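Structure assessment
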Amino acid sequence: MKLNFKNRIALFNTIAVALTAFIAFVIIYFVVSYSSYKHLDDDIKAEKRIVIRNLKLEDDSIILFKIPEWEENEHKQMEVNPTFIQIVNSNGIQLFKSDNLQKNQLSYNLKNNKTTYKNAIIDHQKIRQGQFPIINATNKIIGQVIIGISQEESFYVLHNLFLVLCFAYVVLLSILFIIMYFVASKAISPIHQLITGASKINDSNISVRLPLPENKDEIHQLAGTINELLNRLEFSIQQQKQFIIDASHEMRTPVTAIKGTLEVLLRKKRTAEQYEIKINEVLTQTDRLSSLFDQLLQLARLESDNSIAKKEGIFLKEKIEKIIQLHVSISNLNKNKILNNIPSDCKVSANDLLLERILDNLILNAIKYNKPYGNIFCDWNSVSNSLIIRDGGIGISKEQLPFLFNRFYRADNSRSSEIQGNGLGLSIVKNLCDLQNIKITVESEEGKGTVFFLQFPA
Ligand code: ADP
């Protein structure tokens, strides 16, 4: 059975109250029933005391005195609150039977040695009966007194109480379910408002936010959480749009250049030398496009793959040396000197391939954005477990530093100096560092140089 939330709240509350009420009603019923039996048993006991007082016990025999009370109506008639008395000796021979018993007998157990009470029926009448052993001076049981009194009255009281409780139970639960249903409807109405509000939001109106309820309760919290989620979604949609704009822009430049070069070539016949120059220009642009596609692909893979990269112990000095050798022709061109001051026993825990890509990007940038004859220092801080790559290059202004790791971001220094690039390198570096829990930070001063810190996990 699939119930909606409102019905579920109403049902669960009703079940909880139903159980509590059931326990309460059962307790009420048993308390009343116990006290009514107690009352009957007390009456029987009082009657027994009178009977016993009028018995004379001589050795094993019982002598009865006729007492005036036995002439009363209750001992003679069946109809009005009858009291039945029967006395038997230890052999089961009947010594006395009240007139109202007529030809009926009270049931008894001859072996009974203590007071017992039970319910019985005499001539279609419900009675409560008590059986008491008669004990002589030598502590021997010489007979039994059996006394029964009508319990019709208390039976009807109990029966009526049972009916009233059952009826009250059904009525109480029905009323309770209806009340709970309306209370639940009222309680979840703000959730309905949230559902209506949220269902109207799509990517064309993603800046719309859900109204926050006045009460600072769980629903207020839920609306706040949905709004925060919308903030993140809006930011991510905007980023995606910006990414498409930036990527198209980056692609347009080389494509336009290729198209222009080819169109110029087609206008008239050229010498073989001129063709070679133009084809080389086209090749440079296609290289640019190809490296852009490679980097975009890398970025897409990194962002979709959150799997933890397999780490190993890597000797940092050796790794940096390998990268320096890769870029030796460019650094020589710019007359830059790269000083690898890392201790030879310095070992870091990282993924070999990913660390190589990080270092490659950072060292290449330190060369690209350096001044002629500028030095590059690679140092190790053993206290903070950090690699420091410092260049004495053109630097980045303070205002631009926070955007450095954004995709396609290129600081003013790179645009004016016509250094080749597309602004994807550092965002790839940031993703690679995040994947390996390496904390990357940057400090820079315009005209003086830039420092990248890579803090490895301990
Ligand atoms: P690209 O170098 O392809 O432009 P990056 O993502 O590697 O892209 O770098 C982003 C920008 O950060 C660069 O365009 C440049 O403006 C700035 N930058 C990066 N490294 C340095 C550095 N060592 N010195 C000065 N500027 C830098």
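Residues numbered from 1 in each chain as written. Predicted model: local features only at pLDDT ≥ 70, side-chain atom pairs only at ≥ 80, totals over all residues. Heavy atoms only, no water.

**Points about the site of the ligand**
Near the ligand, the surroundings consist of 19 residues, among which Asn-365, Tyr-369, Arg-410, Asn-413 and Leu-426 are the closest. Contacts to the ligand include Asp-391, whose side-chain N or O atom sits 2.9 Å from a nitrogen atom. A distance of 3.2 Å separates an oxygen atom of the ligand from a polar backbone atom of Gly-425. Considering the ligand on its own, with 530 Å² of exposed area, one finds that the protein chains cover 98% of that surface. (Near = heavy atom within 4 Å. Polar contact = N/O pair within 3.5 Å; in protein donor to acceptor, adjacent residues only side chain to side chain. Areas by Shrake-Rupley, 256 points an atom, 1.4 Å probe, with all protein chains shown as cover.)

**What to know about the side chain of Asn-112**
Turning to its location among the elements, Asn-112 is positioned in the loop between β4 (94-97) and β5 (116-122). Relative accessible area serves as the criterion here: at 7%, Asn-112 is assigned to the buried category. For Asn-112, the residues in contact, after removing those within four places along its chain, are Gln-131, Pro-133, Ile-141 and Gln-144. (Helix = DSSP H or I, 4+ residues; strand = E, 2+ residues; numbered from the N terminus. Buried < 20%, exposed > 50% of the residue type's maximum accessible area, 1.4 Å probe, protein only. Contact = heavy atoms within 4.5 Å.)

**Section: the packing of helix α4 (residues 218-267) against helix α5 (residues 272-304)**
One way to put it is that α4 packs onto α5 with a least axis distance of 9 Å and a crossing angle of 165°. In terms of orientation, α4 and α5 fall into the roughly antiparallel class. Judged by the twist between their axes, the crossing of α4 over α5 is left-handed. Judged by residue contacts, Phe-243, Ala-247, Glu-250, Met-251, Thr-253, Pro-254, Val-255, Ala-257, Ile-258, Thr-261, Leu-262 and Leu-265 of α4 engage Tyr-275, Lys-278, Glu-281, Val-282, Gln-285, Thr-286, Arg-288, Leu-289, Leu-292, Phe-293, Leu-296 and Leu-299 from α5. Split by residue class, the contact of α4 with α5 holds 16 nonpolar, four polar and four charged. (Axes fitted to C-alpha atoms, helices over the stretch in contact; angles between N-to-C directions. Parallel < 35°, antiparallel > 145°, perpendicular 65-115°, else oblique. Left-handed = near helix turned anticlockwise from the far one by under 90°. Nonpolar A, V, L, I, M, F, W, Y, C, P; charged D, E, K, R; others polar.)

**Here we look at the sheet that holds strand β14 (residues 449-455)**
If you trace the five strands from one edge of the open sheet to the other, you get β9-β11-β12-β14-β13, paired in mixed fashion. Strands with a single pairing partner mark the edges of an open sheet, and in this sheet they are β9 (337-340) and β13 (439-445). The average undirected angle you get between the axes of adjacent strands in this sheet is 15°. In this structure, strand β11 (residues 375-381) lies alongside strand β12 (residues 386-391), joined through six bridges in antiparallel fashion. Counted as the bridge partner of Asp-379 is Ile-388 from β12. Along the sheet, helix α6 (residues 316-326) makes contact with β9, β11 and β12, crossing β9 at roughly 165°. (Pairing = 2+ DSSP bridges.)

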